[in-house]
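# What the coordinates show
Residue strings, one per chain:
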Amino acid sequence: MNLHAFASAAEASAALAQAVATDLAAAIAARGQAVLAVSGGRSPVPFLQALAAQDIPWQQVTVTLVDERVVAPDHADSNAGLVREHLLQGRAAVAAFLPLVNDGADAAAELAAAAVLWRTPDVTVLGMGEDGHTASLFPAASNLTEGLAAANPAALLVVVPPAAPAAPHTRISMTLAELQRSGKLYLAIAGETKRRVLDNAAAAVSDTLPISHLLSATARPLDVYWSA
Ligand SMILES: O=C(O)[C@H](O)[C@@H](O)[C@H](O)[C@H](O)COP(=O)(O)O
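Residues numbered from 1 in each chain as written. Predicted model: local features only at pLDDT ≥ 70, side-chain atom pairs only at ≥ 80, totals over all residues. Heavy atoms only, no water.

In the nomenclature of an unreviewed UniProt entry, the protein is known as 6-phosphogluconolactonase of Vogesella facilis. Under the heading Pathway (unreviewed entry), UniProt records this for the protein: "Carbohydrate degradation; pentose phosphate pathway; D-ribulose 5-phosphate from D-glucose 6-phosphate (oxidative stage): step 2/3." What the UniProt record of the protein gives under Function (unreviewed entry) is the line "Hydrolysis of 6-phosphogluconolactone to 6-phosphogluconate." (UniProt positions renumbered as here; feature names shortened; annotations may be inferred.)

### A look at the site of the ligand
Around the ligand sit 14 residues, and of these Arg42, Ser43, Asp67, Arg69 and Ala135 come closest. Contact distances for the ligand include 2.7 Å between an oxygen atom and a side-chain N or O atom of Arg69. Side-chain polar atom of Asn79 to an oxygen atom of the ligand: 2.8 Å apart, as the coordinates give it. A total of 410 Å² of accessible area belongs to the ligand in isolation, and the protein chains cover 92% of it. Looking at side-chain class alone, the shell around the ligand contains two nonpolar, seven polar and five charged residues. (Near = heavy atom within 4 Å. Polar contact = N/O pair within 3.5 Å; in protein donor to acceptor, adjacent residues only side chain to side chain. Areas by Shrake-Rupley, 256 points an atom, 1.4 Å probe, with all protein chains shown as cover. Nonpolar A, V, L, I, M, F, W, Y, C, P; charged D, E, K, R; others polar.)

### Here we look at the sheet that holds strand E7 (residues 156-159)
In space, the three strands of this open sheet follow the order E4-E8-E7, with antiparallel pairing throughout. On the outer flanks of this sheet lie strand E4 (67-69) and E7, each paired with one strand and no other. Neighbour to neighbour, the strand axes of the sheet diverge by 20° on average, direction disregarded. Sheet analysis places E7 next to strand E8 (residues 171-174), joined by four bridges and oriented antiparallel. Counterpart to Val159 in the pairing with E8 is Arg171. (Pairing = 2+ DSSP bridges. Helix = DSSP H or I, 4+ residues; strand = E, 2+ residues; numbered from the N terminus. Axes fitted to C-alpha atoms, helices over the stretch in contact; angles between N-to-C directions.)

Structure (structure tokens):
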């Protein structure tokens, strides 16, 4: 794990946006296109806004999602809505967008459709919850074993989060195996609580913490952008 520590979320977001832009530009230079997967939630907004301002060939970038709530695109909890509002603006408005959910009516149908169009990201930016979930791989999800399976050929799966107010909605999420297949992996977290969760997960592999599986399974170091 490579920890990059910053005094503020704004500084961390700016630094991460520059690192991601550099990776995307390198992928474009190498193969003429780049795929970026970003996470939702509350924290990513400053990062998404800083990334949108980066001067890279956005017309050769496809933006997609690490995970998505199975809700209508105009629902307040839609990650696609978050990306449209804060990333697909300004310079980045010309990027292609590949949502994981079309209308939010049927999770299985949405998964099947997303899996057809899915391409492994060149760059993936993760968040983490205080319960140690990342993507939508929640500690007590009934199919967590499938989501964490190292050799899982599937890129995506449907996750029904355990009954918890913090994680409403059925989700579609990248699997841990697909996270490992991603070209470059970043984790962006803020605050002391999440830092403690991460440090504990790094210190001892915990079967219950998805973030612990990510840290122990990652063949290359995970770049963590943390601010106090
Ligand atoms: O759809 C989601 O909710 C995210 O992809 C999720 O994995 C998020 O990264 C964490 O829950 C942290 O969320 P916050 O940034 O809101 O703490």
